[in-house]
Amino acid sequence: MKNLSDQQISALIDGTADAALKAQVAANAHLQAQLDAAQRVEAALHRLLYRWDCPTPDALGEYQLQRLPAAQREALARHLAHCRRCRDEVALLADFLATDDAPPRLALESPRGLPLLPPRWDEMVLRPSMAPYDSAWRGADDDSSYVFEAPGLTLFLEDHHNEEGHRIEGQLVTEETSDQPRWSGALVELRQDESVRTAPLDEFGEFTFDNLALSDSVTLRITNRDGETLVWSRDSG
Amino acid sequence: MTDISALAARCAEEQSRYAEGINVHSHDCFDLFRHALQEQNSAAFNAIYRTYEPQVRRWVYQHSHYPAAQEEADHFVQQSLTKFYFALRGRDFDRFEHISQVMQYLKLCVHSAIMQYWRKTQSRRMHQVDDESSLLNVAVSPNLLTPLAAWERIATLLPEARDQRLAHAAFAQGLKPSEIVEEFPDDWEDVQQIYSKLYRIRRVLRDDEELRTILSVSER
Ligand SMILES: [Zn+2]
């Protein structure tokens, strides 16, 4: 065989080709290259177009709860008429909302122990850009300063310690001034073991947590209204 | 002036009884939500976050797509509460009349957070090809990665409405031929018809240089 036919290429992409054809392609570099080129286009089409014109899950939810203005509601109904994926999501949401809220004493443990998928796409990890001036994070009487960086962003943290506990002051600074509004009003979450605290990021990108008892395991997340999240974790003492 | 910490304590009590299956009808939690969202009181939102986090976590575990998402519950809990915060802060709260409506909206945010993640995993799964190395040949040029431009080009290349519906079903919805037959019975009688149409469509799309440029895919 000199070349794969369009039909054979399509069958190989769809996974419906027979074993003999697959073996032939595997043994022939030219045929394999032909298939690879076709698969690149196929992959790019899926990557670019998958759910490209679908309303967000939030919009589908607002539709289901009848919270959308009439014009948006009609546009969404038109989309649902031809999009099975979105109809499936709306049906799933209806089921989910209808499930019993709080079966008494439902265990709070994860029902599974599956490995995590790296990387987490919606989170940017903050990395220390320099050693803290004082290496103590907890238990120290002195104040400590930290600087963390993520692409285009720098987070300054100051840990002040007094008899009432720790006071963490932070400021998130964007490299581009035009990016600052995107982070203004973002929600900061500080999680330690069983406890969690939140604070809003003000217009200067600043936030404060007062009277904290800092533990070994601390995770700080900052999420803006676009759902972009910055995360920093400290696990050991 | 309302004492937020006293209100938060009463709400926490109310919510813990709710979690045990006892329905309560006080206004404390509703009031706390109103302070947190309508009046944007950050201490009130902090209390909401702490009080409702266990409930949100239970919902995450209950969601049918959570196990397959292979992501920490913490992540979804945080995304859900943040979605809720941004969706209702400073506006729209006056459309709620009862705590049950607020809770339903919070539950909706759990669903949205999980589905948003789910869509991304599906999209990744779909464009993974057997040979990882062939992906390396895809030059990514972000300003050209415009789905709308790609779709407009496809619509030009496939002028028939039925072909466009097929391309949308296959590439935008990722439907299998058997699902496409179910979905568009007026267009297609069986999967064989779809297979034979799809290979022609794929050839047309593959052969178009303009589309390949939009997709940032070189010929070889
Ligand atoms: Zn859709």
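Residues numbered from 1 in each chain as written. Chains lettered and ligands numbered in written order. Predicted model: local features only at pLDDT ≥ 70, side-chain atom pairs only at ≥ 80, totals over all residues. Heavy atoms only, no water.

Participant: Give a detailed account of helix 5 (residues 73-88) of chain B, specifying residues and quantitative values.
Facilitator: All names here are of chain B. Helix length check: helix 5, at 16 residues, gives a terminal C-alpha distance of 23 Å against a target of 22 Å (1.5 Å per residue), a fit within 8%. Counting buried residues in helix 5 gives 15 out of 16 residues, a clear majority hidden from the surface. Among the residues trailing helix 5, Gly90 stands out with phi positive, at a value near 75 degrees. (Helix = DSSP H or I, 4+ residues; strand = E, 2+ residues; numbered from the N terminus. Expected span 1.5 Å × (residues − 1). Buried < 20%, exposed > 50% of the residue type's maximum accessible area, 1.4 Å probe, protein only.)

Participant: Help me get a handle on the packing of helix 9 (residues 161-172) of chain B against helix 11 (residues 191-207) of chain B, residues and values and all.
Facilitator: Residue and element names in this part refer to chain B. For the pair helix 9 and helix 11, the least separation of the axes is 11 Å and the interaxial angle reads 90 degrees. Relative to helix 11, the element helix 9 is oriented roughly perpendicular. Across the interface between the two elements, Asp163, Leu166, Ala170 and Phe171 of helix 9 pack against Ile194, Lys197, Leu198, Ile201 and Leu205 of helix 11. Looking at the contact of helix 9 with helix 11 residue by residue, the class counts come to seven nonpolar, no polar and two charged. (Axes fitted to C-alpha atoms, helices over the stretch in contact; angles between N-to-C directions. Parallel < 35°, antiparallel > 145°, perpendicular 65-115°, else oblique. Contact = heavy atoms within 4.5 Å. Nonpolar A, V, L, I, M, F, W, Y, C, P; charged D, E, K, R; others polar.)

Participant: Provide a residue-level description of the nonpolar core, including the pertinent values.
Facilitator: Counting 50 residues, the largest nonpolar core has B:Leu32, B:Phe33, B:Tyr52, B:Phe84 and B:Tyr105 as the members making the most contacts within it. At the level of elements, helix 6 (84-98) of chain A together with helix 1 (4-19), helix 2 (28-37), helix 3 (42-62), helix 4 (66-69), helix 5 and helix 6 (99-127) of chain B are the ones that each hand at least two residues to this core. In this structure, B:Tyr52 is in contact with B:Cys11, B:Gln15, B:Cys29, B:Phe33, B:Ile99, B:Met103 and B:Leu106, ignoring residues within four places of it in sequence. The next biggest cluster of nonpolar side chains, apart from the first, holds 27 residues, and it includes B:Ala150, B:Phe171, B:Trp188 and B:Leu198. (Core = buried A, V, L, I, M, F, W, Y, C linked by side-chain atoms within 4.5 Å.)

Participant: Break down the interface of chain B and chain A for me, citing the residues and quoting the values.
Facilitator: A common way to report how large an interface is uses the accessible area buried once the components associate. Counting residues at the interface gives 98 residues for chain B and 85 residues for chain A. Buried area between chain B and chain A, both sides added, is near 8800 Å², and the carbon and sulfur share of it is 57%. Counting every contact that joins chain B to chain A gives twelve salt bridges. For the salt bridge of A:Arg191 with B:Asp74, the shortest nitrogen-to-oxygen distance reads 3.8 Å. Counting every contact that joins chain B to chain A gives 26 residue pairs in polar contact (both at pLDDT 80 or more). Sort the elements by how many residues they give to the side of chain B that touches chain A and helix 6 of chain B lands first, with 18 residues. Across the side of chain B that touches chain A, the residue classes break down as 44 nonpolar, 28 polar and 26 charged. (Buried area = accessible area lost by both parts, 1.4 Å probe. Salt bridge = Lys/Arg side-chain N within 4 Å of Asp/Glu carboxyl O. Polar contact = N/O pair within 3.5 Å; in protein donor to acceptor, adjacent residues only side chain to side chain.)

Participant: So, the coordination of the zinc ion: which residues are in play, and what are the values?
Facilitator: In an ideal octahedron of six donors the angles at the metal are 90 or 180 degrees, and in an ideal tetrahedron of four donors they are 109.5 degrees. All names here are of chain A. The zinc ion binds to the protein through Cys54 (SG), His79 (NE2), Cys83 (SG) and Cys86 (SG); the donor distances cover 2.0 to 2.3 Å. Every donor residue of the zinc ion comes from the same chain, spaced as C-x24-H-x3-C-x2-C. Taken as a pair, Cys54 in the loop between helix 3 (29-49) and helix 4 (57-64) and His79 in helix 5 (residues 70-82) lie far apart in primary sequence, 25 residues in all. An identical accessibility class is assigned to Cys54 and His79; each is buried. (Donors = N, O, S within 2.8 Å, 3.2 Å for Na, K, Ca; no water.)

Participant: Would you mind going over the pairing of strand 5 (residues 165-174) of chain A in detail, with residue names and values included?
Facilitator: Residue and element names in this part refer to chain A. Sheet analysis places strand 4 (residues 153-162) next to strand 5, joined by ten bridges and oriented antiparallel. The residue bridging His160 from the neighbouring strand is Arg167, located in strand 5. Here strand 4 folds back onto strand 5 in antiparallel fashion, the turn holding two residues. (Pairing = 2+ DSSP bridges.)

Participant: Hey, could you go over the environment of A:Ser233 for me, with residue numbers and the actual values?
Facilitator: All names here are of chain A. With respect to the helices and strands, Ser233 occurs in strand 10 (residues 229-234). A residue is classified by how much of its surface remains accessible, and Ser233, at 48% relative accessible area, is partly exposed. Residues Ser233 and Val218 lie 15 residues apart in sequence; the distance between their C-alpha atoms is 5.8 Å. One polar contact links Ser233 to Thr219, side chain to side chain, over a distance of 3.1 Å.

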